[in-house]
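Below are the chains, spelled out letter by letter.
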Amino acid sequence: MASPRTIEIVKSTVPFLEEHGNQITEIFYQNMFSEHPELLDIFNETNQKLGRQQSALASTVLAAAKHLEKLAVLLPEVTQIAHKHRALQILPEHYPIVGKHILGAIKEVLGDAANDDVINAWAEAYDDIAGVFIHVEEDMYAKAMWSGFATFKVTDKTITGTDIAAFTVEPADTEQAIDLSTMSLSAGQYITVKTDPEDTAHLALRHYSLCSANTDNGIQFAVRRDNRNGHHGLVSNHLHDHVEVGDTILLSAPAGDFVLTPALIEQNEVPLVLISAGVGVTPVLAMLEAQIQANPARPIIWAYACQNSEYHAFAERVDALLSDAQQVEKHCFYFEEGQLLDETWLKALPKPADVYVCGSMAFMDSMIDGLLALKHGEDTVHYEPFGPKMSLKSA
Ligand SMILES: Cc1cc2nc3c(=O)[nH]c(=O)nc-3n(C[C@H](O)[C@H](O)[C@H](O)COP(=O)(O)OP(=O)(O)OC[C@H]3O[C@@H](n4cnc5c(N)ncnc54)[C@H](O)[C@@H]3O)c2cc1C
Ligand code: HEM
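Note on numbering: residues in each chain are counted from 1, in written sequence order. Chain letters start at A and ligand numbers start at 1, both assigned in the order the entries are written. At least 70 in pLDDT is required for a residue's local features to be given in this predicted model, at least 80 for side-chain atom pairs to be given and counted, and no such filter applies to totals for whole chains, interfaces and linings, which use all residues. Side-chain measures were taken over the full set of non-hydrogen atoms in the model, leaving aside hydrogen atoms and water.

(A) Focus on the pattern of salt bridges. The salt bridge definition used is simple: a Lys or Arg side-chain nitrogen within 4 Å of an Asp or Glu carboxyl oxygen. Tallied over the entire structure, the rule returns 11 salt bridges. As a salt-bridge pair, E8 and R5 come within 3.6 Å of each other at their nearest N and O atoms. Of this pair, E8 and R5 both sit in helix α1 (residues 4-19), three residues apart, which is roughly one turn of that helix. A salt bridge links K100 to E35, with the nearest nitrogen and oxygen atoms 2.7 Å apart. Counting from the N terminus, the helices are DSSP H or I runs at least four residues long and the strands are E runs at least two residues long.

Now the structure itself:
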């Protein structure tokens, strides 16, 4: 653990560095990518272009530095980030590269104030923070269902709603024998695809939630064609337009801690509330199936929002699943018809309830704010943003 002197030096410089967070981020990425262009195959190019998420890494290092003497308090946050790192195959040898360039950026921003004591203190602090991540990730690598990116073959591709393609894939790896029948996937988790899209010189990695934790037919995930802002999303369009039945695809093993609370699955007092919008239905669809298979008597409230009936994804599958449950409320909101899933609707929810939310950032922010304002406890409101968790104002 860092010495009291190191902690003092680091903490005294954090406020100034946080004020110059954007500059640190800019210098950090610029220098790191020019020295290690291979990392452009790992980092999300669109996020870099749009300046989104870019600040997450550096600002988390600064935020963690404030807790240097008790890094253990950050374990829940570290775990969530570590799941993404493991899914992207970030390895211990990557940490010194990031460390070198974060330190370089800190030195540049501090200017004359960056004497040896300060730089040595930050080097020690980064090593401590990186050590926590590496340790948590080591355990995740050991428990992962397969290693690295394994080859899978597409066995089914079905369009659901207007712009969502549901893929089913089966193991086809020649190096590791992956037997799905021996694996138990967790509803709510995501897999990560590694693609080589036409429109970029780099490889591109993206996460997609499992639509089912059942592996009888293979692994299932669904991808919305993401063409917001008049731009074409790199990977979603590639998967829609260039990946067909019979093709192969690279996937890393399921990751993520957005899963049903195990202790509540078998009981019937606390209802399960599943709230989603658009393609955000994917992880909660898997949860719905898992809950009904494990205990169909638990009360379930299902709420789904989308533009209109044409965009309604997995409508038949949800109805078939709900027909096997014993106590169900189903609510559907088409916002083009003025039906809003908003804070007013949330007021009618029972309390306590175990609530899972997934949808666009704006939708999730409004749901989470609404639920917390209604005094649903933080530990009973679970959510999975389809982007960096830090971009949610509630996070
Ligand atoms: C844990 C997790 C689970 C997820 N699960 C799912 C899932 O189940 N299903 C699903 O469909 N998605 C899911 N996502 C989202 C998914 O990972 C991708 O982010 C999504 O498919 C978009 O990727 P893309 O490469 O197509 O778009 P990107 O190229 O990453 O672009 C993202 C958006 O930015 C826009 N854009 C691109 N360039 C510009 C520009 N220059 N100016 C303005 N806008 C621009 C694009 O049009 C697009 O709307 C999940 C994400 C996470 C983190
Ligand atoms: C202690 C050091 C590190 C910290 C504090 C950190 C923190 C973070 C955070 C907060 C996120 C966003 C998570 C989210 O999406 O919710 C993230 C994502 C990511 N991290 Fe790290 N990280 C560290 C080290 C590394 C290293 C060593 C690498 C690899 C060189 C790396 C690569 C990535 C990538 C590729 C993403 C996804 C973001 C994108 O593609 O734009 N990180 N990290």
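(B) A look at α1. For α1, spanning 16 residues, the distance from its first C-alpha to its last is 24 Å, which sits close to the expected 22 Å at 1.5 Å a residue. Its axis deflected by about 35° at T13, α1 carries its strongest bend there, up to four residues before the proline P15. To estimate how far a helix should reach, multiply one less than its number of residues by 1.5 Å. The bend at a residue is defined as the angle formed between two axes, one fitted to the seven residues ending at that residue and one fitted to the seven starting there.

(C) Broad picture of the domain arrangement of the protein. Domain boundaries in the protein define domain 1 (4-143), domain 2 (149-255) and domain 3 (262-391). Here the bounds of each domain stem from an automatic or database domain assignment. Taking only C-alpha atoms into account, the centre of domain 2 sits 23 Å from that of domain 3. Between domain 2 and domain 3, the residue contacts involve 18 residues of the former and 17 residues of the latter. Note on terms: buried area is the combined drop in 1.4 Å-probe accessible area of two parts once they are placed together, counting the loss on both. Approximately 1400 Å² of surface area, both sides summed, lies buried where domain 2 meets domain 3, with 57% of it carried by carbon and sulfur atoms. Under the rule applied, a polar contact is a pair of N or O atoms within 3.5 Å (in protein, one hydrogen donor and one hydrogen acceptor; residues adjacent in sequence only if both atoms are side-chain atoms). Counting across the domain 2 and domain 3 interface gives five residue pairs in polar contact (both at pLDDT 80 or more). Side-chain classes are defined by residue name, with Ala, Val, Leu, Ile, Met, Phe, Trp, Tyr, Cys and Pro counting as nonpolar, Asp, Glu, Lys and Arg as charged, and the others, Gly among them, as polar. Taken together, the residues of the side of domain 2 that touches domain 3 break down into eight nonpolar, eight polar and two charged. Any two residues whose heavy atoms approach within 4.5 Å at even a single point are treated as in contact.

(D) Spatial organisation of the coordination of the iron atom of ligand 2. Donor atoms (N, O, S) are those found within 2.8 Å of the metal centre, with the cutoff raised to 3.2 Å for Na, K and Ca; water is not part of the atom list, so apparent gaps in a site can occur. Donor atoms from the protein around the iron atom of ligand 2 number only one, H85 (NE2), found at 2.1 Å. The topology assignment puts H85 in helix α5 (residues 75-88).

(E) Spotlight on the site of ligand 1. Here, proximity means that at least one heavy atom of the residue falls within 4 Å of the molecule or strand. Neighbouring ligand 1 are 28 residues; T46, H207, D226, H231 and S236 lie closest to it. Backbone polar atom of H207 to an oxygen atom of ligand 1: 2.6 Å apart, as the coordinates give it. Residue H231 places a main-chain N or O atom 2.7 Å away from an oxygen atom belonging to ligand 1. Relative to its unbound accessible surface of 970 Å², ligand 1 loses 89% to contact with the protein. Of the residues forming the shell around ligand 1, the biggest block, four residues, is contributed by strand β4 (residues 204-209). Only the protein chains shown count as covering a residue, and every accessible area follows the Shrake-Rupley method with a 1.4 Å probe.

(F) Structural view of the sheet that holds strand β7 (residues 272-277). DSSP calls a pair of strands paired once it identifies at least 2 bridges connecting them. Across the sheet, five strands lie side by side as β9-β8-β7-β10-β11; this open sheet has parallel pairing. The open sheet has two edge strands with one neighbour each: β9 (328-334) and β11 (381-383). For this sheet, the mean inter-axis angle between neighbouring strands, taken without regard to orientation, is 15°. Here strand β10 (residues 354-358) pairs with β11 via three bridges, running parallel. The partner of Y356 across the bridge, within β11, is H382. Helix α13 (residues 361-373) contacts β7, β10 and β11 of the sheet and is inclined by roughly 160° relative to β10. Throughout, an axis means a line fitted to C-alpha atoms (over the contacting stretch in the case of helices), and angles, computed between N-to-C directions, take values from 0 to 180 degrees.

(G) Quick look at the sheet that holds strand β5 (residues 219-224). The antiparallel open sheet is built from six strands, whose spatial order is β4-β3-β6-β1-β2-β5. Both edges of this open sheet fall to β4 and β5, since each of them pairs with a single strand only. Taking the axes of each pair of neighbouring strands and ignoring which way they run, one obtains an average angle of 40° across the sheet. Contacting β1 (149-160), β2 (164-171), β3 (190-195), β4, β5 and β6 (248-255), helix α8 (residues 234-242) crosses the sheet at an angle of about 75° to β4.

(H) Up close: the side chain of H36. Its location among the elements puts H36 in the loop between α2 (21-35) and α3 (45-50). Only 2.8 Å separates the side chain of H36 from the side chain of E38, close enough to count as a polar contact. Here H36 is in contact with I97 and H101, once residues within four sequence places are set aside.

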